[in-house]
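Report on the structure
The lines below spell out each chain.
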Amino acid sequence: MKKRLNGILTLFLVFMVQLTFAQERTVTGTVVDNTGLPIPGVNIIIQGSGTGTQTDFDGEYSIRANANNVLVFTFVGYTKQEITVGARSEINVALEIDAATLDEVVIVGFGERAEDKILQSVAVVSESDLDDIPAQSPQDLLQGQASGVNITNASGVLGARSSIRIRGVNSLTGGAQPLFVIDGVPLDDSNQNFALGGGSLNPLSTINPESIASMTVLKDAAATAIYGSRGSNGVILITTKKGAKGSAPVFEVESFLQLSEATDLPSILSNQQYGQFYADVRRIRFGNDINNAAQLREAGFGDFTGPGFDWLGAVTRTGFNSTQNVSVRGGTENSTYYLGLNHSDAEGFVLGNNLETTNIRMNLTSDIFDDLRVGANIGLNFSSNDRIGEENNTFAPVTAAQLIRPNAQPRDEDGNFIPSGQTGQNVVGVEALNTSLVNTTRLLGNVYGEYDFFDQFTFRSSIGLDKRYEESIFRSSEVFTPGGSAQNAIGQVERININNTLNWNNSFGVHNFGALVGMQYEKTNVRFLNAASRDFLTDALPNVGSGAEPSVTSSTTSESALLGYFAQANYDFDGKYLIEGSVRRDGSSRFGANNRFGTFYAVAGGWNISNEAFMEGSVFNRLRLRASYGTTGNDRIGDFTSQATFGGADYNGSPGLTNTGPALPDLRWEETATLDIGIKTGLFNDRLRFNATYYKKNTDNLLINVPVPGATGTTSITRNAGEIENSGFEFDLGVTAVQTNDFSWDINLNLATLQNEVLSLPGAGTDVQGRQFLQGTANQRAIVGESANSFYQIRYVGVNPATGDAEWLTRDGEVTTTPTPDDRVVTGDANPEFYGGLRSMITWKNFDLSALFNFSYGNDILIDGDRFIRNPNFIGAFNLSTDILDYYTAENTNAFVPSPASATWGTFQRSSTLQLYDGSYVRLKNITLGYNVPINSEFINRVRIYGTATNLFTIKGDRLDGIDPEVTNSLNPLALGESFFVAPQAKSYLVGVKLNF
Amino acid sequence: MKNKRIYNVLFLLALVLFSSCEDELQILPEDNVSPEVALSTPTTILGLVNGLYSQAQAADAFNGTPQTSAEFQADNSIFRGSFPTLRAIRDYDTQADNTSINAIWFQNSDVIEATNFVINNLPAVEIPGFSEDLKTQYIAEARFLRALTMFNMSKYFGQPYQVAQGASLSIPIILQDFRGDNVEDFQGPRNTLNEVYAQVDDDLQFAMANLPETHGANSETRGRATSGAAKALKARLELYRDNWPAAAQLADEVINSSVYELASNYDFYGDALTSEDIFAIINSAIDGQGAIGYSDLTNPTPGGRGDAPFSDNLIAAYGEEPGDLRFTELTQVGIDAEGFESVFTSKFPEPAGNSDNARIIRVTEMYLIRAEANLKASSTVGATPLEDINTLRSRAGLSALTTVTIDNILTERRKELAFEEGHRRMDLLRNSRDLRRPGMENIAQSAFGGPLTIFPIPTRELDLNPALEQNPGY
């Protein structure tokens, strides 16, 4: 501060002197960017003076200077240029994009840090990485862009949630998702709607990606300790766009249209194939004298002689999305503003799945006095999600269309929809006649004030609110539910967040100090009202009140509170040697009275080697070593898990009470200790950038649901028991391969490895090998000494070419046709060995081409739906994959399916490695071609037209034909990479135009 | 002015930074109460007892999943539909990790633990206005429900008495309630069937001695435990352990009770609660059986799931004597879960709400018990077997028999009690018969004493309690 003041004084003196002696004249010119477009708001200062100006709207400027003066042109994100005036009176400048300065200031925790003083392990996705990616939801912007962040989109269903794991699974109970903080407000990510078989809605879908300025992923304890309470699974800070002081208004209008389809769908039997296969099975397996569909019909097994109906074709369509964004940003001398509007109307590629969203964002700052600033960031979201059933739901279009027999028809002779009369409902009719909507209104924002005093201190106080009103409306037609049924639920979430911080910064010569103390209070209140009824006179009466018979009348509340005090201090010597420490004490209402508070801390140190004198002239423009160690916590258990409670349970119209679980007063914070060591380099003026990080996270006092014998009347009790470790390396490599005025090519690769091991699980069950484990799903376990996401199954061998029997291995490796659950062994891991992304950006004159790949290697996925559609024993009951036609006969001995005569026919698809696949893939996530139309207009500054394709192609294993490898049907940390009829991802094609004026 | 502002800010700062809001971390739930509150007043204690029946309402406990699964094991119904776990039961290739069976174990254990809480904690409660009589009655209600639940579990998870005269392994007897820190109390070994039956007998004798004959309202007399219900269940217990005189005697006493009367027709199914009912679990639209219970499984689509149509063998059994009202009045034809037209029972007419009552014991069963016990003991307690059987045949619109054999009685039991309580399976097993009839699949595995005629102990429970021994064959 003092230093700057001195500088300003010096400048002032120089200016005074120059004013006296200079021979001034007017210099004018235009400043453009590397594509030739004018840049408004570029600062032009006469070096060594206080005189300066800015370019106007058209990038033009005018300044009085003399021949000896040096004009300094600066603009955020561009390389500084210094030009001596000389004899010229017109100086036109083209500024180069400066990759190094783009992320100059990084938002960390409760403040910002200059990039070269960052000791924390963070991944930053900045505006330039985000700007030209048209996205549906914020996580689309993160996928493949940040090292150590593994995002698996749950499905291609609109508004579906993604599994986001930062450095692996660190927690075995409900919360392995990171904490999202939007402009300082921690986001509530609970679901306040019904489960429709599987899949859940994305809490981020209420955040407009277009209004995001940057995202910072905080990965190590040094970064997250300040969020102590909930930092264990990482924190993702989202900063929304703001205006700039003294900047003329910049209007932006964007519109894009998108078409989408499924990436991959399985191939299922046609009616003819079905009838023939069924006849063959009846003949071979049961000895019936049936050779074809006609004989099958005569024998009473159903009529498969007609053309049938293409159910999978009927429930998929070309999706269509139209999105408009309008924004204006700018500022006056004392204030800034950003106003963004967004409207998106999407029809998914699955019949009946539509999502309409409207977002409004207004961010304002104002300097009331020199030392007092106020601001507000307010986002308002409206969304209407026309939902579909998903996964394990007979009303789910993608599920039912695969299972329903191909001879079923959606309509009768008169054209009316009819129930299918089988498992796998007439989903074409369901989507036409039933209603399933989730309407959400969300207000998310904060207001804050900042006050500077004694020159060195800043006090900041902010109040944030995350208020959500989520209404679910369901109505089943009388065609599919006799008498019809209706349900209406309203969930209201109110989270209030108060932050107060006091910040101090000072420098004594080369000694730079900073410190911060603060407190945070947060309270979350959830109310859920649910009513349902049945027995309606007509479908024309949609509301619950018209039903004669109430079936649900329920109203519940839940509440939790969090209180934290924290402090942070940092010191650096001349920007070369840096240390930093933080401590936070957090209390959560979720824990027992004795253990509400936990203390978390972090220490970090760094050395900017490139700032040392001996590095002068080296190829390194940046070389920094850093290390940190610290702890973070996790309280993501139920609000009242620590309290013994008896809950409502009626009988015969009288109120009753049943035990919902014993008191657990000793429950306390789960703690994760993280060691993080990293190196960050930039060579040849950042033409080559390489970062490497090693991390080791050890989570102790794991909050786990320890299973207990069923005789206790409960399945599990939550305990602090166990220890888990995640370790790995993260690499970022960036190369600016070409950089000329007309042509530039940037390549960024990020890659992270992951090693996950469960160290102990005291109190958990013991398997036949004597190891303790926690069961996540029927096929997945956390096992001591193994990964927390180990697949634990019977090993499938194949169909024996000699006998036609399916064969498995016993635990000892003997071939058997009758395995038992005792034969299960660890067969795979749902966690990848490494994963990451590759982004290439090419600009050539007015064209730009960017491609983003993401990849995952070494993870296994379980396609549990195989037990149905690849199970020949379900012939007659369900439709099946065409793969089952490859069954064993005397002529076809190298078959997929055992002989229909085999005793293993029925057990062939029992849970085993038969349903386990190598889930490795490389996917072209996004490819965008843009063109900046050269325009010479008073009114319009920039016209950009672009086309984007997402999920254009995927390289994956041979066995995955018809299966999208990017799957997960659960966010449960113990149930990774499993699919039970998860709808595939969307492949989409988009064209858009963006105007700036 | 500027200084003043600074001081204001500093004051505010001190206030927010150092004021304590730790009380804010003390949050009590609004939808639940603590155990202390639950045991604090006569009304909350009545709530705890109501809660026991409520837990028994689980489909996997008293409301139809295990009972209908027993029909799939035997010859009344052939499962149709999508659940691999129920298909496995039908096909006799059940594995120990079958999730449906795991749920059956769990939900029944859950009822037992809840009854233990009442039985163990109520005696110490002394509050004004809560009489010793009422306390004893509540404990007796809990003991009746515990007896019924243990008796049911012993049917699913162990061999019947007739296999080894009760010496075979049954379920573990657990009389503790769970407090969070006493997991070891729930890790005991399995007891023999005789030990389980002795415990059930003990509970039933206490219930018979301490329960009223009737409650105030008819629905409570039928839907809560009574001394008559305890006696009727004991009659069933004695029948199951071949104690014919006691079975006949107890059944006769129930028949002669003024509280119960054989219905003159079959209108008592569905929502009704009549003097035909000795004990039923009362379900309603707003407090129903839940999914995959009686109504859901036994009704055709789209109202129900259509999973449990009549087997051809059952249709043929009724067909042997045409005009049986139990077929003509109590069946419906509809589409099953696999899309075919099938015959279903209509004993549970409200599939949309899953609101039909579960008839656990009705007086008709007492006639059948008395007949069978008298026949086997060559006694005539109350009536001759022929008289009892003809009484029921006459109600069904069938002609009177002139002689009666055990086969006649088993046939009457089958036709009378189909799709109720899973009676058929135990009737066959305790008479040392195959579960499946000639012409059906898996006859060999269904033979009396066969290892797969009973469920496995769930793998999950074995993992968590090493003292449990798995049933042979799993």
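If you're wondering where the values come from, they're calculated on a predicted model, not measured in any experiment. (Residues numbered from 1 in each chain as written. Chains lettered and ligands numbered in written order. Predicted model: local features only at pLDDT ≥ 70, side-chain atom pairs only at ≥ 80, totals over all residues.)

Looking at the overall build of chain B
- Summing up its helical and strand segments, chain B has 20 helices and five strands in all.
- Here the C-alpha radius of gyration of chain B, 26 Å, is about what a compact globule of 474 residues would show, namely 23 Å.
- Principal-axis analysis of the C-alpha atoms places the extent of chain B at approximately 110 × 50 × 45 Å.
- Out of the 474 residues belonging to chain B, those deemed buried represent 57%.
- For chain B, the proportion of contacts with a sequence separation of at least 24, taken over those separated by at least 6, is 68%. (Helix = DSSP H or I, 4+ residues; strand = E, 2+ residues; numbered from the N terminus. Rg over C-alpha atoms; globule rule 2.2 N^0.38 Å. Buried ≥ 20, exposed ≤ 12 C-beta atoms within 10 Å, placed from the backbone. Contact = placed C-beta atoms within 7 Å.)

Section: the overall build of chain A
- Across its full length, chain A holds eleven helices and 55 strands.
- Scaling as 2.2 N^0.38, a compact globule of 997 residues should have a C-alpha radius of gyration of about 30 Å, and chain A matches this with 31 Å.
- Taken over 997 residues, chain A has a buried fraction of 52%.
- At a minimum sequence separation of 6, the contacts of chain A that also span at least 24 residues come to 68%.

Considerations on the interface of chain A and chain B
- Across the boundary between the two partners, chain A contributes 76 residues, which contact 71 residues of chain B.
- The element best represented in the side of chain A that touches chain B is strand 26 (residues 549-573) of chain A, accounting for ten residues.
- Its residues placed into classes, the side of chain A that touches chain B shows 32 nonpolar, 35 polar and nine charged.
- The pairing of strand 30 (residues 645-648) of chain A with strand 1 (residues 32-33) of chain B spans two bridges and is antiparallel. Paired with glycine 647 of chain A across the strands is asparagine 32 of chain B, a residue of strand 1 of chain B. (Nonpolar A, V, L, I, M, F, W, Y, C, P; charged D, E, K, R; others polar. Pairing = 2+ DSSP bridges.)

Focus: the packing of helix 16 (residues 363-377) of chain B against helix 18 (residues 406-417) of chain B
Residues and elements named next belong to chain B.
- At a closest axis distance of 10 Å, the pairing of helix 16 and helix 18 adopts a crossing angle of 165 degrees. Regarding the angle of helix 16 to helix 18, the classification is roughly antiparallel. Between helix 16 and helix 18 lies a crossing whose hand is left-handed. Along the contact surface, helix 16 presents Thr364, Glu365, Leu368, Ala371, Glu372 and Leu375, while helix 18 presents Ile406, Ile409, Glu412, Arg413, Glu416 and Leu417.
- In the contact of helix 16 with helix 18, the residues fall into six nonpolar, one polar and five charged. (Axes fitted to C-alpha atoms, helices over the stretch in contact; angles between N-to-C directions. Parallel < 35°, antiparallel > 145°, perpendicular 65-115°, else oblique. Left-handed = near helix turned anticlockwise from the far one by under 90°.)

A few points about unusual backbone geometry
- The peptide bond linking threonine 301 of chain B to proline 302 of chain B adopts the cis configuration, its omega dihedral lying at 0 degrees.
- Relative to the assigned elements, proline 302 of chain B resides in the loop between helix 13 (294-298) and helix 14 (312-319).
- Look at aspartate 183 of chain A: it is not a glycine, yet its phi comes out positive at around 50 degrees.
- Structurally, aspartate 183 of chain A is set in the loop between strand 13 (179-182) and strand 14 (185-186).
- With 24 C-beta atoms packed within 10 Å, aspartate 183 of chain A lands in the buried category.
- Positive phi values are uncommon outside glycine, yet glutamine 165 of chain B reaches one of about 50 degrees.
- Mapped onto the secondary structure, glutamine 165 of chain B falls in the loop between helix 8 (161-164) and helix 9 (193-210).
- Owing to 12 C-beta atoms within 10 Å, glutamine 165 of chain B belongs among the exposed residues under this scheme.

Observations regarding the environment of serine 211 of chain A
Residue and element names in this part refer to chain A.
- Tracing the backbone shows serine 211 in the loop between strand 14 and strand 15 (212-218).
- Judged by the 24 C-beta atoms lying within 10 Å of it, serine 211 is buried.
- Each C-alpha atom of the pair serine 211 and leucine 339 lies 9.0 Å from the other, and the pair is 128 residues apart in sequence.
- When sequence neighbours within four positions are dropped, the list of residues in contact with serine 211 reads Thr240, Lys241, Gly340, Asn359 and Arg361.

With respect to the pairing of strand 41 (residues 780-783) of chain A
Residue and element names in this part refer to chain A.
- Residue alternation in strand 41 divides its side chains into two sets, Gln780 and Ala782 and Arg781 and Ile783, and both sets are buried.
- Two strands pair when backbone bridges link them, and strand 40 (residues 772-775) and strand 41 are joined in this way by three bridges, in the antiparallel orientation. What sits directly across from glutamine 775, in strand 41, is arginine 781.
- The hairpin formed by strand 40 and strand 41 contains four residues between the paired strands.
- Where strand 41 and strand 42 (residues 790-793) come together, two bridges link them in antiparallel fashion. By the bridge assignment for strand 42, glutamine 780 is matched with phenylalanine 791.
- Taking the residues that link successive antiparallel strands as the turn, the strand 41-strand 42 hairpin has six residues, and the phi of glycine 785 there is positive, at about 90 degrees.

Regarding the sheet that holds strand 5 (residues 70-74) of chain A
Residues and elements named next belong to chain A.
- With antiparallel pairing, four strands are arranged side by side in an open sheet as 3-2-5-6. In this open sheet, the two edge strands, each paired with only one partner strand, are strand 3 (52-54) and strand 6 (81-84). The average undirected angle you get between the axes of adjacent strands in this sheet is 20 degrees.
- Pairing of strand 5 with strand 6 involves four bridges; the strand directions are antiparallel. In the strand pairing of strand 6, phenylalanine 73 is matched with glutamine 81.

Examining the domain arrangement of chain A
Residue and element names in this part refer to chain A.
- Domain boundaries assigned for chain A yield domain 1 (2-97), domain 2 (138-262 + 316-643 + 676-789 + 830-870 + 909-961 + 976-996) and domain 3 (271-307).
- If you average the C-alpha positions of domain 1 and of domain 2, the two centres end up 43 Å apart.
- Taken together, the residues of the side of domain 1 that touches domain 2 break down into five nonpolar, five polar and three charged. (Domains from an automatic or database assignment.)

Describing helix 14 of chain B
Residue and element names in this part refer to chain B.
- Along helix 14, the residues classified as buried are Leu314, Ala317 and Tyr318. End-on view of helix 14: buried residues confined to an arc of 95 degrees, all on one side of the axis. Opposite the packed face of helix 14, turned more than 90 degrees from it, sit the exposed residues Ala316 and Gly319.
- The inward-facing, buried residues of helix 14 abut helix 15 (325-328) and helix 18. (Arc of directions from axis to C-beta.)

Focus: the environment of asparagine 892 of chain A
- Counting through the fold element by element, asparagine 892 of chain A comes out in the loop between helix 11 (866-869) and strand 50 (916-918).
- A C-alpha to C-alpha distance of 8.5 Å links asparagine 892 of chain A and proline 801 of chain A, two positions 91 residues apart in sequence.

Section: the packing of helix 11 (residues 227-240) of chain B against helix 16 of chain B
All names here are of chain B.
- At a minimum axis distance of 10 Å, the contact between helix 11 and helix 16 shows a crossing angle of 35 degrees. Every pair of crossing elements has a handedness; the one defined by helix 11 and helix 16 is left-handed. Within the contact between the two elements, helix 11 uses Ala232, Ala235, Arg236 and Leu239 and helix 16 uses Met366, Ile369, Glu372 and Ala373.

As for the nonpolar core
- In this structure, Phe144, Ala251 and Val254 of chain B are the most contacted members of the largest nonpolar core, which totals 203 residues.
- Mapped onto the domain boundaries, this core takes at least three residues apiece from domain 2 (138-262 + 316-643 + 676-789 + 830-870 + 909-961 + 976-996) and domain 3 (271-307) of chain A.
- In this structure, phenylalanine 144 of chain B is in contact with Asp203, Ala207, Leu211, Ala225, Ala229 and Ala230 of chain B, ignoring residues within four places of it in sequence.
- Among the nonpolar cores identified, the runner-up in size contains 40 residues, and Leu119, Val122, Leu237 and Leu578 of chain A belong to it. (Core = buried A, V, L, I, M, F, W, Y, C linked by C-beta atoms within 7 Å.)

Section: the confidence of the model for chain A
Residue and element names in this part refer to chain A.
- Predicted confidence across chain A gives a mean pLDDT of 88, with 95% of residues reaching 70 or more.
- Below a pLDDT of 50 lies the segment residues 1-22, which in the model reaches 18 contacts outside its immediate sequence neighbourhood of four places, other chains included.
- Overall, residues 99-103 carries pLDDT values under 50, and its contacts beyond four positions in sequence, including any with other chains, amount to eleven contacts. (pLDDT = per-residue confidence, 0-100.)

Remarks on the sheet that holds strand 49 (residues 860-863) of chain A
All names here are of chain A.
- A sheet is described by the order of its strands in space; here three strands give the open sequence 50-49-54, paired in mixed fashion. Each end of this open sheet is capped by a strand with a single partner; those strands are strand 50 and strand 54 (978-979).
- As judged from the three bridges shared by strand 49 and strand 50, these two strands associate in the antiparallel manner. Opposite aspartate 860, over in strand 50, you have aspartate 918 as the bridge partner.

A closer look at helix 4 (residues 65-73) of chain B
All names here are of chain B.
- Among the nine residues that make up helix 4, nine are buried, leaving the element largely enclosed by the rest of the structure.
- Residues of helix 4 that are buried include every one of Thr65, Pro66, Gln67, Thr68, Ser69, Ala70, Glu71, Phe72 and Gln73, and no others.
- Looking at the buried positions of helix 4, the neighbouring elements they touch are helix 5 (84-91), helix 6 (99-121), helix 7 (132-157), helix 13 and helix 19 (423-429).

Observations regarding the pairing of strand 2 (residues 277-281) of chain B
Residue and element names in this part refer to chain B.
- Taking burial as the measure, the five residues of strand 2 include five buried ones, the bulk of the element.
- With four bridges connecting them, strand 2 and strand 5 (residues 358-362) associate as antiparallel partners. If you follow aspartate 277 over to strand 5, its bridge partner there is arginine 362.

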